[in-house]
Amino acid sequence: MPSKQSPIATKTRILDAAEELFAQAGYEGVSLRQITRMAGVELALANYHFGPKSALFLAVVQRRASELNHERLQLFAALPTPPTLAGLIDAFARPFMERSWRGGAGWKSYAQLIAQVSTSPRWTASVMSAQFDEVAGCFITGAQLALPQARVRDLYWGFHFMLGALVMTFAETGRVDLLSGGRCQSSRLDLIYRRLIPFLAAGFERIAQVGGTQPLPRVTTVRKKNK
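Let us look at the structure shown here.

The rules behind these values
Residues numbered from 1 in each chain as written. Predicted model: local features only at pLDDT ≥ 70, side-chain atom pairs only at ≥ 80, totals over all residues. Heavy atoms only, no water. Helix = DSSP H or I, 4+ residues; strand = E, 2+ residues; numbered from the N terminus. Buried < 20%, exposed > 50% of the residue type's maximum accessible area, 1.4 Å probe, protein only. Contact = heavy atoms within 4.5 Å. Areas by Shrake-Rupley, 256 points an atom, 1.4 Å probe, with all protein chains shown as cover. Lys, Arg positive; Asp, Glu negative; His and termini not counted. Charge placed at Lys NZ, Arg CZ, Asp CG, Glu CD. Salt bridge = Lys/Arg side-chain N within 4 Å of Asp/Glu carboxyl O. Expected span 1.5 Å × (residues − 1). Bend = angle between axes of the 7 residues up to and from the residue. Phe/Tyr/Trp six-rings, centres within 6.5 Å; stacked < 30°, edge-to-face > 60°. Lys NZ or Arg CZ within 6 Å of the ring centre and 35° of its normal. Core = buried A, V, L, I, M, F, W, Y, C linked by side-chain atoms within 4.5 Å. Polar contact = N/O pair within 3.5 Å; in protein donor to acceptor, adjacent residues only side chain to side chain.

Concerning the overall build of the chain
So, step 1. Helix and strand counts for the chain come out as 10 helices and 0 strands.
So, step 2. Mapped from its N terminus to its C terminus, the chain presents α and β elements in the order α-α-α-α-α-α-α-α-α-α.
So, step 3. Counting the 227 residues in the chain, one finds 41% classified as buried.
So, step 4. Considering only contacts within the chain whose residues lie at least 6 apart along the sequence, 69% involve residues at least 24 apart.
So, step 5. Carbon and sulfur atoms make up 56% of the accessible area of the chain, which amounts to about 13,700 Å² in all.
So, step 6. Charge centroids of the chain, computed over 27 positive and 16 negative side chains, lie 10 Å from each other.

Overview of the side chain of Thr36
So, step 1. With respect to the helices, strands and loops of the structure, Thr36 is situated in helix H2 (residues 32–39).
So, step 2. If we ignore the near neighbours within four places in the chain, the residues touching Thr36 are Val41, Glu42, Leu43 and Ala46.

A short note on the pattern of salt bridges
So, step 1. Counting across every chain of the model gives 11 salt bridges.
So, step 2. In this structure, the salt-bridge partner of Arg63 is Glu19, at a minimum N-O distance of 3.5 Å. One end of the pair, Arg63, is in helix H4 (residues 53–78); the other, Glu19, is in helix H1 (residues 7–25), and 44 residues separate them in sequence.
So, step 3. For Arg63, a relative accessible area of 26% puts it in the partly exposed group.
So, step 4. Between Arg99 and Glu71 there is a salt bridge; the shortest N-O distance is 2.6 Å. In this pair, Arg99 sits in helix H5 (residues 85–102) while Glu71 sits in helix H4, placing the two residues 28 residues apart along the sequence.
So, step 5. Residue class for Arg99 comes out buried when judged on its relative accessible area of 16%.
So, step 6. One continuous salt-bridge network, built from bridges that share partners, spans Asp16, Glu19, Arg63 and Arg64.

A look at H4
Helical geometry: 3.6 residues make up each α-helical turn, so side chains three or four residues apart lie on a common side.
So, step 1. For H4, with 26 residues, the first-to-last C-alpha span of 38 Å sits near the 38 Å given by 1.5 Å per residue.
So, step 2. Ala65 marks where H4 bends most, by close to 25 degrees.
So, step 3. Among all positions in H4, only Lys53, Leu56, Phe57, Ala59, Val60, Val61, Arg64, Ala65, Leu68, Asn69, Arg72 and Phe76 are buried.
So, step 4. Taken together, the buried residues of H4 touch H1, H2, helix H3 (43–50), H5, helix H6 (105–118) and helix H7 (124–146).

Details of the packing of aromatic side chains
So, step 1. Under the definition given, this model contains 14 aromatic pairs.
So, step 2. On the basis of an interplanar angle of 50 degrees and a centroid distance of 6.0 Å, the ring pair of Phe96 and Tyr110 is categorised as tilted. Highlighted residues: Phe96 in helix H5 and Tyr110 in helix H6, separated in sequence by 14 residues.
So, step 3. A residue is classified by how much of its surface remains accessible, and Phe96, at 8% relative accessible area, is buried.
So, step 4. Its guanidinium or amino end placed over the ring of Trp107, Arg64 lies 4.8 Å from that ring's centre, counting from NZ or CZ.

Some details on the nonpolar core
For soluble globular proteins, the rule of thumb is that nonpolar side chains tend to be buried together.
So, step 1. Membership of the largest hydrophobic core comes to 65 residues, with the highest contact counts inside it found for Ile35 and Phe139.
So, step 2. Every residue in contact with Phe139, bar those within four places of it in the chain, is listed here: Phe76, Leu88, Ile89, Phe92, Phe159, Met162 and Phe204.

As for the side chain of Ser186
So, step 1. Along the chain, the position of Ser186 falls in the loop between helix H9 (175–179) and helix H10 (189–210).
So, step 2. Judged by relative accessible area, Ser186 falls into the buried class, the value being 10%.
So, step 3. A polar contact is formed between the side chain of Ser186 and the backbone nitrogen of Gly174, at a distance of 3.4 Å.
So, step 4. Beyond its immediate sequence surroundings of up to four residues, Ser186 is in contact with Glu172, Gly174, Val176, Asp177 and Ile192.

So this is what it looks like as structure tokens:
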């Protein structure tokens, strides 16, 4: 007869299974019964340790978010004053990049899960704001020091655009692989990262220059004349 697992080991197995299944099928596509079956535990144990499925989902996100945020805050604190823009972006992005690249299957699933969560209004307040707003606020404060001429609202837009690029990149969807005919590989996060930081830094610098004062470029449509 197998030995009885500790509560910590049981919770970890449930979280690992939930993370993988949520990443594959989304929140609505997974049941607690499927999760506990994959984890090899009784359904009652998931209810006992986490409560309803929504609470388990939040626990899955929070587990790795806490680790990411702790390192991000440490890296922010180690930056010079004022920070360089590239250094600030690197301090925010590198913890997730390193784990997504080297951290194994669990972190790969987490990156895919965050890509889903960050594009769903359902989780904006309960997940994204609750777990990541403190770090986002620290980033904006650093960006104000790095770009003192920028309007604060433009820094928020820059942060918004940056998140979109990071989430898409770390999710490794394979889209760029197909689009480029194999010239680019979404799994080579080490090579991508060398391009990503200067790209994002240039975007912040540009948006700080133009702000909301530049008119939108006009798009002209060429109409074919009827013969």
